[in-house]
Amino acid sequence: QSENDGIPSVGSSSDTNSMPEAWYLGQYGAPELSDEVLLQWLMDTWDYSKGKPKVGMLLMSGIPFYENQREHVIAFCQKHSDKLEWFGAEAPPPTTATWTTEAERLKGCDVIMPIVSGVSLANFVKEARARGFQGQFLSHQEGALGFWGQVKAASDPQDFDGMVVATWQPWWDDDNESIEQIVTYCLKYNPEIDLQEYKTATGYISGWF
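*Asks:* For the pattern of salt bridges, give the residues involved together with the corresponding values.
*Replies:* In this structure the tally under the stated criterion is five salt bridges. Across the salt bridge formed by Arg 70 and Glu 71, the nearest N and O atoms sit 3.0 Å from each other. As a salt-bridge pair, Glu 127 and Arg 131 come within 2.6 Å of each other at their nearest N and O atoms. Residue class for Arg 131 comes out partly exposed when judged on its relative accessible area of 26%. Sharing partners across several salt bridges, the network here consists of Glu 104, Lys 107, Glu 127 and Arg 131.

*Asks:* Kindly report on the side chain of Ser 34, identifying the contributing residues and their values.
*Replies:* By the secondary structure assignment, Ser 34 is in helix H2 (residues 31–45). At 3.3 Å, the side chain of Ser 34 and the side chain of Trp 168 are in polar contact.

*Asks:* Lay out the packing of H2 against helix H3 (residues 64–79) with the relevant residues and their values.
*Replies:* The relative placement of two packed helices comes down to the angle between their axes together with the axis-to-axis distance. Here H2 crosses H3 at 35°, and the two axes come no closer than 9 Å. Of the two elements, H2 crosses H3, and the hand of that crossing is right-handed. Of H3, the residues touching H2 (which contributes Pro 31, Glu 32, Leu 33, Asp 35, Glu 36, Leu 39, Gln 40 and Met 43) are Phe 65, Asn 68, Gln 69, His 72, Val 73 and Phe 76. Residue composition of the contact of H2 with H3, by class: seven nonpolar, four polar and three charged.

*Asks:* Please give an account of the state of the cysteines that cites residues and values.
*Replies:* In this structure the tally under the stated criterion is zero disulfides. Cysteine Cys 77 remains unbridged, with the sulfur of Cys 109 as its closest cysteine sulfur at 10 Å. Judged by its relative accessible area of 2%, Cys 77 falls in the buried class.

*Asks:* Mind laying out the sheet that holds strand S6 (residues 136–140), listing which residues take part and the relevant values?
*Replies:* Taken together, five strands build an open sheet; the order of strands is S4-S3-S5-S6-S7 and the sheet is parallel. Two strands in the sheet have a free side with no partner beyond their single neighbour: strand S4 (85–90) and strand S7 (164–166). For this sheet, the mean inter-axis angle between neighbouring strands, taken without regard to orientation, is 20°. For strand S3 (residues 54–58) and strand S5 (residues 111–114), the ladder comprises four bridges, and the chain directions are parallel. By the bridge assignment, Gly 56 is partnered in S5 with Ile 112. Contacts from helix H5 (residues 118–130) reach S3, S5 and S6, with the element oriented near 170° to S6.

*Asks:* Can you lay out the nonpolar core for me, pointing to particular residues and giving the numbers?
*Replies:* If you look at the biggest cluster of nonpolar residues, it comprises 39 residues, and the most contacted ones within it are Leu 39, Leu 42, Leu 84, Met 113, Leu 121, Phe 124 and Phe 137. Ignoring anything within four residues of it in the chain, the contact list for Phe 137 reads Ile 112, Pro 114, Phe 124, Val 125, Ala 128, Arg 129, Asp 159, Met 163 and Val 164. Formed by eight residues, the second largest nonpolar core is a distinct cluster that contains Ile 182, Cys 186, Leu 195 and Ile 205.

*Asks:* Lay out the environment of Val 73 with the relevant residues and their values.
*Replies:* Here Val 73 is to be found in helix H3. Judged by relative accessible area, which is 1%, Val 73 ranks as buried. Each C-alpha atom, one on Val 73 and one on Pro 114, is 12 Å from the other, the two residues being 41 residues apart in sequence. In this structure Val 73 touches Asp 35, Leu 39, Met 57, Trp 86 and Met 113, once residues within four positions along its chain are discounted.

Procedures and definitions
- Residues numbered from 1 in each chain as written.
- Predicted model: local features only at pLDDT ≥ 70, side-chain atom pairs only at ≥ 80, totals over all residues.
- Heavy atoms only, no water.
- Salt bridge = Lys/Arg side-chain N within 4 Å of Asp/Glu carboxyl O.
- Buried < 20%, exposed > 50% of the residue type's maximum accessible area, 1.4 Å probe, protein only.
- Helix = DSSP H or I, 4+ residues; strand = E, 2+ residues; numbered from the N terminus.
- Polar contact = N/O pair within 3.5 Å; in protein donor to acceptor, adjacent residues only side chain to side chain.
- Axes fitted to C-alpha atoms, helices over the stretch in contact; angles between N-to-C directions.
- Left-handed = near helix turned anticlockwise from the far one by under 90°.
- Contact = heavy atoms within 4.5 Å.
- Nonpolar A, V, L, I, M, F, W, Y, C, P; charged D, E, K, R; others polar.
- Disulfide = S-S within 2.5 Å.
- Pairing = 2+ DSSP bridges.
- Core = buried A, V, L, I, M, F, W, Y, C linked by side-chain atoms within 4.5 Å.

Pasting the structure below:
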C-alpha cells in the first residue's frame, strides 16, 4: 500500500508483483527471474541424448514469495516445452519440519529447485539424497546462499555437491570496487570475525548494498 500511503518502501528483495510499484525500491530483481536464469542454464548445459530434463520444485504453501515462483517456473517450462518437462511441485505448509514425503515424491525428477531456505533446505536435501535422488539441485540467493551457515551446520556438504546457485550480486572472489570496499570495511570495523567464514554467505554483501 506504499503508493496509497505516500510512503516509499525500500527492501532487499522483490517479486514480479511488487516490481512495477512506483513507490517500492528494491536492490535486486525478483527471485522468479533467478529461476529463469537457472532454467536457461539447464537448457544450455543438459545432455538431451537422455531426453528432456524433468523439473520439480519444493516450496511452502500460502506464501506469495514462493507461489509466485512456482507459477513463473510452470509458465517457463510450458513456454519451452520442447526443452523442459514440468514434473510438479511439493508445497507443504510453512510449519513443516520433516520432508520425507516431499523427497519421496520428487525423487523421480532430474532436477529439483528447492527454493526454501536454511535448515528447511538442508533437511530436504538430506532426505532426497537418502531416498536415492542422484539428480541436481538448482537454487538461488534467497534459497541457498542467504542462510548458508544454517545449511552447512545441519547437513553433509557432500549432499550439496554440484548444486548450482544464481545470485544477483558480485561475489567475494570478483575483482571489483564493491567487493574491495566490503572487505576493507569488514577488516577495519570487525577485525575479530573470520572473514573466510563470512565469505560463504551473502550477509555482508547484501548489507553493504
